[in-house]
Amino acid sequence: MIAIASDHAGFALKEKIKKHLEELKFEVCDFGTENEESCDYPVFAKKACEAVVSGQCDRAILVCGTGIGMSMAANKIKGIRAAVCTETFAAKYTRLHNDANVLCMGARVIGEGVAIEITDTFITTEFEGGKHKRRIDMFE
Ligand code: RB5
């Protein structure tokens, strides 16, 4: 199960990513927002991240204007390793080396095509473990 959430700035892109994941037969849990009315991204980051920490969802995808506010809010939550990605190389390595469990993207930074490729990379790449696990344990 993949959690997804956005603020108003990320709403349209969130809807596109959700549709894409559903077409790939992933189960998606949408934590809002529901429209482009101005709202506060930390509220939505918290809801989606809590679903990851509780085990209800395996990973979360968060979208705001830049992806940065969402990542800051997400990384305040114990057990969350959120990464802002603007291209697929970072998405691949934040899974391989950081075991990132939350992907953050900026709808005002990247277009739909890049966002979909980043999403696919993030969702399909597995953590390498080994020395990378030791490093994660150091900050967890
Ligand atoms: C909203 O205007 C914007 O500040 C928000 O989407 C996000 O980019 C914050 O980091």
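Provided above is the structure to which this section pertains.
Quantities reported herein were computed from a predicted structural model and do not represent experimental measurements.

1. What about the pairing of strand β3 (residues 59-64)?
- With 6 of 6 residues buried, β3 is to be regarded as a mostly interior element.
- Strand direction decides the pairing type here: strand β1 (residues 2-6) and β3, joined by 5 bridges, are parallel. Paired with Ala-5 across the bridge in β3 is Leu-62.
- In this structure, β3 lies alongside strand β5 (residues 102-106), joined through 5 bridges in parallel fashion. If you follow Leu-62 over to β5, its bridge partner there is Cys-104.

2. Focus: the environment of Glu-27
- As for its placement among the helices and strands, Glu-27 is situated in the loop between α1 (11-23) and β2 (28-30).
- According to the relative accessible area criterion, Glu-27 is exposed, its value standing at 55%.
- Sequence separation between Glu-27 and Ile-2 is 25 residues, and the spatial gap between their C-alpha atoms is 6.2 Å.
- The residues contacting Glu-27, other than those within four sequence positions of it, are Met-1 and Ile-2.

3. Notes on the packing of α1 against helix α5 (residues 112-124)
- Look at α1 against α5: their axes get within 10 Å of each other, and the N-to-C directions meet at 50°. As summarised for this structure, α1 and α5 are arranged oblique, according to the angle between their axes. Considering the relative orientation of α1 and α5, their crossing is right-handed. Packed against α1, whose contacting residues are Leu-13, Lys-16, Ile-17, His-20 and Leu-21, the element α5 presents Glu-112, Ala-115, Ile-116, Thr-119, Asp-120 and Ile-123 at the interface.

4. What to know about the site of the ligand
- Neighbouring residues of the ligand: Asp-7, His-8, Ala-9, Tyr-41, Cys-64, Gly-65, Thr-66, Gly-69 and Arg-108.
- Gly-65 is positioned with one of its backbone polar atoms (N or O) 2.8 Å from an oxygen atom of the ligand.
- Here the ligand loses 72% of its free accessible area of 290 Å² to cover by the protein chains.

5. Some remarks on the pattern of salt bridges
- In the structure shown here, the tally under the stated rule is 13 salt bridges.
- For Arg-81, the salt bridge is made with Glu-140, and the minimal N-O distance between the two is 2.7 Å. Here Glu-140 lies in the segment after α6 (131-139) and Arg-81 lies in the loop between α3 (68-74) and β4 (82-84), a separation of 59 residues in the sequence.
- A residue is classified by how much of its surface remains accessible, and Arg-81, at 15% relative accessible area, is buried.
- A residue is classified by how much of its surface remains accessible, and Glu-140, at 35% relative accessible area, is partly exposed.
- In this structure, Asp-137 and Lys-133 form a salt bridge, with 2.8 Å as the shortest nitrogen-oxygen distance.

Reading the values: the criteria
- Residues numbered from 1 in each chain as written.
- Predicted model: local features only at pLDDT ≥ 70, side-chain atom pairs only at ≥ 80, totals over all residues.
- Heavy atoms only, no water.
- Buried < 20%, exposed > 50% of the residue type's maximum accessible area, 1.4 Å probe, protein only.
- Helix = DSSP H or I, 4+ residues; strand = E, 2+ residues; numbered from the N terminus.
- Pairing = 2+ DSSP bridges.
- Contact = heavy atoms within 4.5 Å.
- Axes fitted to C-alpha atoms, helices over the stretch in contact; angles between N-to-C directions.
- Parallel < 35°, antiparallel > 145°, perpendicular 65-115°, else oblique.
- Left-handed = near helix turned anticlockwise from the far one by under 90°.
- Near = heavy atom within 4 Å.
- Polar contact = N/O pair within 3.5 Å; in protein donor to acceptor, adjacent residues only side chain to side chain.
- Areas by Shrake-Rupley, 256 points an atom, 1.4 Å probe, with all protein chains shown as cover.
- Salt bridge = Lys/Arg side-chain N within 4 Å of Asp/Glu carboxyl O.

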